[in-house]
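Remarks on the overall topology
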Amino acid sequence: MWPNDRFIKLSGIELPIIQAPMAGLAFSDMVVAVSEAGGLGSLACALLSVEHARKELETIRRRTSRPINANFFCHQPPRDDRAREMNWRRRLDGYYVQLQVDDNSSIPNSARASFDDKMCDLVMEFHPEVVSFHFGLPDQSLLLRIRRAGAKILSSATSVAEALWLEDQGCDAIIAQGFEAGGHRGMFLTEDVSTQVGTMALVPQVVDAVKVPVIAAGGIADARGILAAFALGAAAVQIGTAYLRCPEAQISPLYRQALKDAKDNQTAITNVFTGRPARAIVNRLMREVGPMSDVALDFPLAAAALAPLRAKSEMAGSADFSPFWSGQAARLGRELPAAELTKQLAAEASAKLKLLQTLA
Ligand SMILES: Cc1cc2nc3c(=O)[nH]c(=O)nc-3n(C[C@H](O)[C@H](O)[C@H](O)COP(=O)(O)O)c2cc1C
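Heads up: these notes are all about the structure in this document.

Cut-offs applied
- Residues numbered from 1 in each chain as written.
- Predicted model: local features only at pLDDT ≥ 70, side-chain atom pairs only at ≥ 80, totals over all residues.
- Heavy atoms only, no water.
- Axes fitted to C-alpha atoms, helices over the stretch in contact; angles between N-to-C directions.
- Helix = DSSP H or I, 4+ residues; strand = E, 2+ residues; numbered from the N terminus.
- Parallel < 35°, antiparallel > 145°, perpendicular 65-115°, else oblique.
- Left-handed = near helix turned anticlockwise from the far one by under 90°.
- Contact = heavy atoms within 4.5 Å.
- Nonpolar A, V, L, I, M, F, W, Y, C, P; charged D, E, K, R; others polar.
- Phe/Tyr/Trp six-rings, centres within 6.5 Å; stacked < 30°, edge-to-face > 60°.
- Lys NZ or Arg CZ within 6 Å of the ring centre and 35° of its normal.
- Salt bridge = Lys/Arg side-chain N within 4 Å of Asp/Glu carboxyl O.
- Patch = residues over 30% accessible without salt bridge, like charges linked within 9 Å, V, L, I, M, F, W, Y side chains within 5 Å.
- Areas by Shrake-Rupley, 256 points an atom, 1.4 Å probe, with all protein chains shown as cover.
- Buried < 20%, exposed > 50% of the residue type's maximum accessible area, 1.4 Å probe, protein only.
- Arc of directions from axis to C-beta.

A word on the packing of helix 3 (residues 50-63) against helix 5 (residues 117-126)
- Across the interface, helix 3 lies against helix 5 with an axial gap of 10 Å and an inter-helix angle of 15°. Considered as vectors, helix 3 and helix 5 are oriented roughly parallel to each other. Considering how the two elements wind past one another, helix 3 and helix 5 form a crossing that is right-handed. Every residue of helix 5 that contacts helix 3 at Val50, Ala53, Arg54, Leu57, Glu58 and Arg61 is listed here: Lys118, Met119, Leu122, Glu125 and Phe126.
- Tallied by class, the residues present in the contact of helix 3 with helix 5 amount to 6 nonpolar, no polar and 5 charged.

Printed below as a string of structure tokens:
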């Protein structure tokens, strides 16, 4: 029924819709709802301890026998640079004073762990049908273990060069992540955000370059986007921001309202929240320190010094220091339970496809 069923066949899902992994914001409830509805639910593990990830995976496996995706970051460890750290703190000093945040307040560890042996043990234990990565891929030895566990391996590419690299390393499918996408850019062969490519241009060029199925991501939030992705040659879509509007997303009322209100031109790519380029709703910190800053610490260290500022300002009802990740199509989202959203998106896309086929 779908014009391209390569990813459906590869992963064993029914509907060509992947709920994007969203670290710290979507857990077992979201994953189970999407997978049970026939899409692919994704558990982002980057912000979870091994114990927490195990609990989530246990819950997911207890509640659904459908295919699921476990997702991990695989960034290089940050430089340990005391001088840069002092610089970053100094850049934020004025905010500490203004918000009356104690300069010595304990700074939490900005734990965004890279995929390692312990997380790989979890993959071996729970056998997710799909394992996806952001920021490249882990070592071949770890990839081999995942493959032996029977999982299909995916990763994000933000250029044709990255897609070819991922295919060469043995990825079973590639997520072409366009510039419109919310959250962190998966970019790993370049640090230059000025040359990042939009979904419309990226997807067909990646489709032409690789043999494996391509999943379109970035700015897709309704049936029109899904149809467009298929027209560009994609075999599925990965949708993030639109799923943030679902009740299963664990986001604050402030974040929820900001997504509801976000206009097409109110997001930007910034590195001030974590040290890596990511798309978020523009706020005071992004305007005053970024959106791109040379002073921001390496990923993920920049986040730690911001945490007390964020906590204090959110308590006062302000989003001045909050990383409200969002793609450019936030306003196309609708407030629906994740299962309903998945089914509605698929039904609407399929109806539009049939209509187009009748007209052709
Ligand atoms: C809130 C949020 C968190 C994200 N976290 C992750 C993550 O942990 N792992 C990952 O591979 N991608 C992550 N992404 C990126 C998505 O995989 C995907 O590329 C993006 O959501 C697609 O664009 P859209 O938001 O316009 O749908 C995140 C995106 C958002 C919006």
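Focus on the packing of aromatic side chains
- Considering all chains together, one arrives at 11 aromatic pairs under this definition.
- With a centroid separation of 5.7 Å and an interplanar angle of 90°, the aromatic rings of phenylalanine 273 and tryptophan 325 are classed as edge-to-face. Of the two residues, phenylalanine 273 sits in the loop between strand 10 (267-270) and strand 11 (278-281) while tryptophan 325 sits in the loop between helix 13 (302-315) and helix 14 (338-359), which places them 52 residues apart along the sequence.
- The rings of Phe72, Phe115 and Phe133 are connected pair by pair, giving a single aromatic cluster.
- Taking NZ or CZ as reference, arginine 276 lies 3.8 Å from the ring centre of phenylalanine 135, over its face.
- Between the NZ or CZ atom of arginine 279 and the centre of the ring of phenylalanine 179, over which it lies, the distance is 4.9 Å.

Structural notes on the pattern of salt bridges
- Under the counting rule described, the total for this entry stands at 17 salt bridges.
- The partner of glutamate 129 in a salt bridge is arginine 61, with the nearest N and O atoms 3.3 Å apart. With glutamate 129 in the loop between helix 5 and strand 4 (130-134) and arginine 61 in helix 3, this residue pair connects regions lying 68 residues apart in the sequence.
- The shortest N-O distance in the salt bridge between glutamate 348 and arginine 334 comes to 3.0 Å. Placement of the pair is glutamate 348 in helix 14 and arginine 334 in the loop between helix 13 and helix 14, with a sequence separation of 14 residues.
- A single network of salt bridges, built from pairs that share partners, joins Arg79, Arg84 and Asp298.

What to know about a nonpolar patch on the surface
- The grouping of Leu355, Leu356 and Leu359 at the surface amounts to a nonpolar patch, some 330 Å² of accessible area in total.
- Turning to its location among the elements, leucine 359 is positioned in helix 14.
- Of the residues examined, leucine 359 reaches a relative accessible area of 67% and is grouped as exposed.

Concerning helix 11 (residues 253-261)
- When we look at burial in helix 11, the residues that qualify are Tyr255, Ala258 and Leu259. Looking straight down helix 11, one finds its buried side chains confined to an arc of 100°; they lie on one side.
- Among the structural elements, helix 10 (241-244) and strand 11 are those in contact with the buried residues of helix 11.

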